[in-house]
Amino acid sequence: MQLALVGLVLTTLFSLVSPLWTGIAAFGMVLFAGHEAAQRQERRLSGWWSYGLGTGCMMMSSVLVTVFALTTALRPNPWYDPRYAIPLLGMILGNCMTGISLGLDTLTTSLVNRRASVEAQLMLGAPREVAAAPVTREALRSALMPVINSMSVTGVVSLPGIRA
């Protein structure tokens, strides 16, 4: 029943070539991905930060990359055609969600583990960016690792498996 409903919604969405409906679908996808990324955290940030930080980062990066790919490489007419925009955004969001989840989890866990060091630097007058720099570097490294691994073996591992 649910699968048939999803199929009907997607068929209707793909037949409506409208920037409004494509944008609404993309926004919904980003919100759902942000919720999933926030749910995977061992230690969550307090308040709306847990959801807002990951969702905002995902929205900014994935929408920017998707629009860039649609307007430069793929060039469907119109560029917001949901048959191209929605699947492409989904693929980019999937990878982005993994990186954001790993990065946020590493950031919060490392800040808890290195709390004494960060607080000592802050008490000695260091700016918060300097005090948290080692933790931030570790979180960025953790977040980028899956993407870098995937990109480094694309020609040998991923592309031969795609051949139809």
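Described in the following lines is the structure provided in the data block. Because the structure is predicted, anything quoted here is derived from the model rather than measured. (Residues numbered from 1 in each chain as written. Predicted model: local features only at pLDDT ≥ 70, side-chain atom pairs only at ≥ 80, totals over all residues. Heavy atoms only, no water.)

Side note on the packing of helix α4 (residues 82-113) against helix α7 (residues 133-152)
And then number 1: Put simply, α4 and α7 touch, their axes get as near as 8 Å, and they point 155 degrees apart. Put simply, α4 runs roughly antiparallel to α7. Seen along the crossing, α4 lies across α7 with a hand that is right-handed. Across from Thr98, Gly99, Leu102, Gly103, Thr106, Leu107, Ser110 and Leu111 in α4, the residues of α7 making contact are Val135, Thr136, Glu138, Ala139, Ser142, Ala143 and Pro146.
And then number 2: Here the contact of α4 with α7 is composed, by residue class, of seven nonpolar, seven polar and one charged. (Axes fitted to C-alpha atoms, helices over the stretch in contact; angles between N-to-C directions. Helix = DSSP H or I, 4+ residues; strand = E, 2+ residues; numbered from the N terminus. Parallel < 35°, antiparallel > 145°, perpendicular 65-115°, else oblique. Left-handed = near helix turned anticlockwise from the far one by under 90°. Contact = heavy atoms within 4.5 Å. Nonpolar A, V, L, I, M, F, W, Y, C, P; charged D, E, K, R; others polar.)

Some words on the nonpolar core
And then number 1: Formed by Ala26, Val30, Ala33, Ala37, Met58, Leu89, Leu93, Cys96, Ile100 and Leu104, the largest nonpolar core amounts to 10 residues.
And then number 2: Those elements that place two or more of their residues in this core are α2 (19-39) and α4.
And then number 3: Tallying contributions element by element places α4 first for this core, with five residues.
And then number 4: In contact with Ala33, other than residues within four places in its own chain, are Met58, Leu93 and Met97.
And then number 5: Ranked by size, the runner-up nonpolar core spans five residues in total, among them Ala69, Leu70, Ala85 and Leu88. (Core = buried A, V, L, I, M, F, W, Y, C linked by side-chain atoms within 4.5 Å. Buried < 20%, exposed > 50% of the residue type's maximum accessible area, 1.4 Å probe, protein only.)

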